[in-house]
Amino acid sequence: MEFKDFQIGGLHIALPIIQGGMGVRVSTSSLASAVSNEGALGVIAAVALGEGQDGTEQDYRERSSESLKESIRETRALTKNPFGVNIMCALTNYDDLVGVAQDESVDVIISGAGLPLKLPSLVKNIKTKLIPIVSSARAANIICSMWQRKHKRLPDAVIVEGPLAGGHLGYSREELADKENFSLDNILQKVIAVVRGFETNVKKIPVIAAGGIFDGKDIARVIRLGAGAVQMATRFVCTDECDVAPEYKQAYLTAEKEDIVIIQSPVGLPGRVIRNEFVKKITQGERMDFGCKYRCLATCDPKKVNYCIAKALISASRGLMDKGFAMCGSNAYRIKSIVSVKQLITELVNDTREKLGDASMVF
Ligand SMILES: Cc1cc2nc3c(=O)[nH]c(=O)nc-3n(C[C@H](O)[C@H](O)[C@H](O)COP(=O)(O)O)c2cc1C
């Protein structure tokens with residue numbers, strides 16, 4: 001079995017690895033370009049880029065769009081290879097951000113945290129490939145059927161994000177506890193079966209597995225199950241090129257398995273994070289001091305939540321871990337050192353090739 005290049009709607013990616021988008025300000029141009037330069041697909045996260053300065057909601061929206069534009073241009077200056085932008089459906093300025101990504105002709109838009117049902121109506125440019133993130137075969141079916149019926153377009157690939165992923169999760173707490181039925185492998189196979197039903201001789205839709213994929217053994221396992229590629233995020237946090245403050249990376253390096261916990265996020269979904277004093281306080285219901293000027297999330301009611309997730313994540317990305325927390329996948333505690341993106345990707349490719357018994361890729 002081969003671990004080889006793949007196509008996203010005709011766009012050639014040399015290695016079947018996507019670096020998952022990580023907000024807020026975790027996957028920026030520095031990480032995304034380094035990943036793309038190694039032949040995988042680097043991804044910038046578009047969430048809350050305009051957050052953290054004063055002004056009106058309109059100012060926030062303009063700043064967010066402008067920052068995304070700058071980030072795309074910076075990435076383009078740093079790599080000649082394709083890269084993507086991750087835009088969460090739950091954002092109130094979703095349409096603006098998709099508009100910026102389209103105007104800048106980004107290669108790929110990846111969209112989850114809700115069903116990106118209107119994404120094709122916002123992107124007329126077929127150069128920009130569209131990849132929804134799903135948590136179930138049902139969601140994959142709804143998206144493919146609706147895109148086909150209403151927009152005469154199908155996804156160029158589909159990412160299945162399983163319950164072990166980092167960040168926000170498309171599963172209830174009960175589903176997360178039901179490890180047998182809600183395993184990535186199970187859901188992946190069901191999504192592949194649905195997506196195959198929409199493919200034609202000319203339209204292929206690779207299904208990309210995400211969530212808890214840590215090493216070559218994991219990659220080989222999902223490739224054998226029919227995944228066309230993997231999306232990995234957590235492992236890319238502890239790289240030299242990831243822009244977060246050293247304190248954020250340190251939280252990963254010192255985390256024990258039991259420190260990785262699920263919280264209820266103001267996004268309206270459970271989220272996986274590294275427990276610290278701030279997490280203990282918000283879990284106990286303590287109300288943090290915050291004002292909401294911008295309503296960045298459509299799904300957040302600032303009157304009901306006890307902290308602002310944008311503020312918490314920005315603080316953490318700057319190293320202020322007493323004012324926020326790091327999001328992470330379930331395997332973050334296994335990371336023991338900070339490496340370069342090149343080292344990480346080389347290790348993943350060689351390990352996968354060995355596990356697949358594939359001599360085709362020589363690094
Ligand atoms: C720090 C962090 C931030 C994330 N932010 C986003 C985000 O902004 N949008 C999104 O769709 N997914 C986000 N994710 C999910 C990842 O893109 C990815 O699909 C998932 O974490 C894969 O699992 P892994 O981390 O175990 O490899 C985030 C994950 C992490 C670890």
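My aim in this report is to walk through the structure given alongside it, one point at a time. (Residues numbered from 1 in each chain as written. Predicted model: local features only at pLDDT ≥ 70, side-chain atom pairs only at ≥ 80, totals over all residues. Heavy atoms only, no water.)

Before going further, it helps to spend a moment on the pattern of salt bridges. According to the stated counting rule, one finds 16 salt bridges in the structure shown. Here Arg196 and Glu199 are joined by a salt bridge, their closest N and O atoms 3.2 Å apart. Here Arg334 ties to Asp215 by a salt bridge, and the two come within 3.5 Å at their closest N and O atoms. With a gap of 119 residues between them, Arg334 in the loop between helix H12 (309–317) and helix H13 (341–356) and Asp215 in the loop between strand E10 (207–210) and helix H8 (216–224) connect regions that are remote in the sequence. Overlapping salt bridges bring together Arg153, Asp156 and Lys203 as one network. (Salt bridge = Lys/Arg side-chain N within 4 Å of Asp/Glu carboxyl O. Helix = DSSP H or I, 4+ residues; strand = E, 2+ residues; numbered from the N terminus.)

Here we come to the site of the ligand. Of all residues adjacent to the ligand, which total 24 residues, the nearest are Gly21, Glu161, Gly212, Gln231 and Thr234. Between Gly23 and the ligand, the recorded distance is 3.0 Å, taken from a backbone N or O atom to a nitrogen atom. Gln231 is positioned with one of its side-chain polar atoms (N or O) 2.7 Å from an oxygen atom of the ligand. For the ligand, whose accessible area on its own is 600 Å², the fraction buried by protein is 96%. For the shell around the ligand, the secondary structure elements donating two or more residues are strand E11 (229–232) and helix H10 (246–254). In the shell around the ligand, the residues fall into 12 nonpolar, 11 polar and one charged. Residue-level mapping places the shell around the ligand at the junction of two domains, with at least three residues from each of domain 1 (6–243 + 337–361) and domain 2 (246–332). (Near = heavy atom within 4 Å. Polar contact = N/O pair within 3.5 Å; in protein donor to acceptor, adjacent residues only side chain to side chain. Areas by Shrake-Rupley, 256 points an atom, 1.4 Å probe, with all protein chains shown as cover. Nonpolar A, V, L, I, M, F, W, Y, C, P; charged D, E, K, R; others polar. Domains from an automatic or database assignment.)

With that settled, consider the environment of Ala193. Inspection of the secondary structure assignment puts Ala193 in helix H7 (residues 184–196). Placed 33 residues apart in sequence, Ala193 and Gly226 show a C-alpha to C-alpha distance of 9.8 Å.

Note on helix geometry: an α-helix contains 3.6 residues per turn, so any two residues three or four positions apart are oriented the same way. For helix H1 (residues 29–37), a buried count of seven out of nine residues is recorded, marking the element as mostly surrounded by other parts of the structure. All of the buried residues along H1 are Ser29, Leu31, Ala32, Ser33, Ala34, Val35 and Ser36. Where H1 is buried, its residues touch strand E3 (17–19), strand E4 (42–45), helix H2 (57–78), strand E5 (83–86), helix H9 (234–237) and H13. (Buried < 20%, exposed > 50% of the residue type's maximum accessible area, 1.4 Å probe, protein only. Contact = heavy atoms within 4.5 Å.)

With respect to the secondary-structure elements, Val106 resides in the loop between helix H3 (94–103) and strand E6 (108–111). C-alpha of Val106 to C-alpha of Asn125: the two residues are 19 residues apart in sequence and 9.9 Å apart in space.

Take the sheet that holds E10 next. Read from one edge of the open sheet, eight strands run E3-E11-E10-E8-E7-E6-E5-E4, paired in parallel fashion. This sheet does not close on itself; its edge strands, each paired only once, are E3 and E4. The mean angle between the axes of side-by-side strands here comes to 25°, regardless of whether they run parallel or antiparallel. Note: E3 against E11, three bridges, orientation parallel. Looking at E11, one finds that Ile17 is bridged to Val230. (Pairing = 2+ DSSP bridges. Axes fitted to C-alpha atoms, helices over the stretch in contact; angles between N-to-C directions.)

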